[in-house]
Amino acid sequence: MSKRIAIVGGGYVGAELAKSLEGKADVTLIEPHSHFVHAPAMIRAVVDPLILDRALIPYDSLLKQGKILQARAESIDATGVTLENGERVDADYIVIATGSNNAVPFKPNTGGIDALRADNARIHGMLSSAKSVAIVGAGAVGTELAGEIAHYMPETKVTLISSEPSLFPDQPKALARGLLRKLQAAGVNLVFGARAENLESLTEPYAGTLRLSNGDSITADLIFPAVGSRAVSGILETLPGAIKSSANRIKTDAWLRPSDLPNVFAAGDVADAGDAMTIVATSRQLPWLSKLLQALVGGAKLEDQKPYKPWKKAPLLVPLGPKKGNSFFVLFTAGDFLTRLVKGKDLFLTQRNKFFDRAS
Ligand SMILES: Cc1cc2nc3c(=O)[nH]c(=O)nc-3n(C[C@H](O)[C@H](O)[C@H](O)COP(=O)(O)OP(=O)(O)OC[C@H]3O[C@@H](n4cnc5c(N)ncnc54)[C@H](O)[C@@H]3O)c2cc1C
């Protein structure tokens, strides 16, 4: 009898892992939503909702041999997964890939995909009539959002607020310098070294006045919180030996195990394996985890397998709309041409839709 692998969460980790393992094991993917959410395109979808239909991709053609259960997992133990509806999925190996939450309309909140579509339409409407926008947080999401609005809605006054002293202080200087120059040229007002002291919502944009730690205040027709994702780690927290780190993530051992249970693995945003919460991180973890599980299913011992090693320095691609941007490709930094070609123009929409076997 082939070994059973239950994968909880159908995001970047879960969907790819399930596809890579179907046919090699008895795979069940557990995911509550009807559609995969392609996060990199959800930023542009706020200014250009026409791309939403390609950014939300139905799961129905993903697996040919594996099974997808549209359900939410409630708890796990060494022998399987218990679903919210009380059903049970027995498994020999379990992978937790429950990812993270962010603000709408970037990722769904409790309402699911229909609610996410409604949030996208509502917030696009608010953005279209806004004369001024403030974005709190200048990580990749905040910076890209500023670039998208500046490109598609050049009349809108955009202020990007960061508590850091500069853009991307941990990245190569050429990347940060290039992005700063381009944002300023596009008319974006950048405020560094200032915290928003009265951010009213971390989960959705709103109109209001921000009080900053530097004594200034900024009133905007729309304030976007872009202060980072929080891992969805409830299922793992109560397992024996689980240790929580920053942003609700759970620490993993060298074989991506988040607890004392030897047959339970975790990857992606929920797992603190030494990588950032990015798709770039999942692209390193996935082939390793798929290979490991195939070896285990084939009878190999875990201790004989190579441990996982996180990125030392990971690539970072930051488009500012479809034409401009800067990127760090580990060996070199690049400007508009490569950033546009690799990411900015299509935001990996064609590649993702092909992966899900959808016409692109
Ligand atoms: C707006 C935005 C843009 C981004 N752009 C980029 C980018 O350009 N490049 C990059 O590298 N990274 C980017 N990221 C980060 C990237 O989206 C995450 O790192 C990535 O989604 C992590 O994948 P994951 O599989 O761990 O989790 P997720 O993609 O979050 O997927 C987790 C899945 O688990 C499901 N789930 C949750 N709880 C349960 C449960 N109890 N039972 C069953 N299923 C459950 C969820 O429904 C979800 O489908 C972006 C993030 C955001 C918010």
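Right above here is the structure, for reference.
Residues numbered from 1 in each chain as written. Predicted model: local features only at pLDDT ≥ 70, side-chain atom pairs only at ≥ 80, totals over all residues. Heavy atoms only, no water.

Colleague: Would you mind going over the sheet that holds strand 6 (residues 73–77) with me for this structure?
Modeller: Each strand in a sheet pairs with another by means of backbone hydrogen bonds, the pair being arranged parallel or else antiparallel. Ordered in space as 6-7-8, the 3 strands form an open sheet in which the pairing is antiparallel. Only two strands of the sheet have a single neighbouring strand rather than two, namely strand 6 and strand 8 (88–90). The mean angle between the axes of side-by-side strands here comes to 20°, regardless of whether they run parallel or antiparallel. Note that strand 6 and strand 7 (residues 80–83) share 4 bridges and pair antiparallel. Residue I76 lies in a different strand from strand 7, and its bridge partner there is V81. (Pairing = 2+ DSSP bridges. Helix = DSSP H or I, 4+ residues; strand = E, 2+ residues; numbered from the N terminus. Axes fitted to C-alpha atoms, helices over the stretch in contact; angles between N-to-C directions.)

Colleague: Teacher, can you tell me more about a nonpolar patch on the surface here?
Modeller: Taken together, V330, L331 and F332 make up a surface patch of nonpolar side chains, about 320 Å² in accessible area. Relative to the elements of secondary structure, L331 occurs in the loop between strand 21 (324–328) and strand 22 (333–334). Judged by its relative accessible area of 79%, L331 falls in the exposed class. (Patch = residues over 30% accessible without salt bridge, like charges linked within 9 Å, V, L, I, M, F, W, Y side chains within 5 Å. Areas by Shrake-Rupley, 256 points an atom, 1.4 Å probe, with all protein chains shown as cover. Salt bridge = Lys/Arg side-chain N within 4 Å of Asp/Glu carboxyl O. Buried < 20%, exposed > 50% of the residue type's maximum accessible area, 1.4 Å probe, protein only.)

Colleague: Sorry if this is basic, but what is going on with the pattern of salt bridges here?
Modeller: Here the idea is simple: oppositely charged side chains can pair when their charged atoms come close. Evaluation of the coordinates by the stated rule reveals 15 salt bridges. With its nearest N and O atoms 3.1 Å apart, the salt bridge here joins D92 to R4. Placement of the pair is D92 in the loop between strand 8 and strand 9 (93–96) and R4 in strand 1 (residues 4–8), with a sequence separation of 88 residues. With a relative accessible area of 26%, R4 lands in the partly exposed category. Its salt-bridge partner being K64, residue D357 comes within 2.9 Å of it at the nearest N-O pair. Highlighted residues: D357 in the segment after helix 10 (349–355) and K64 in the loop between strand 4 (56–58) and strand 5 (67–69), separated in sequence by 293 residues. Assessed through its relative accessible area of 43%, D357 is described here as partly exposed. Assessed through its relative accessible area of 54%, K64 is described here as exposed. One salt-bridge network, in which partners are shared between bridges, spans D77, R88 and D90.

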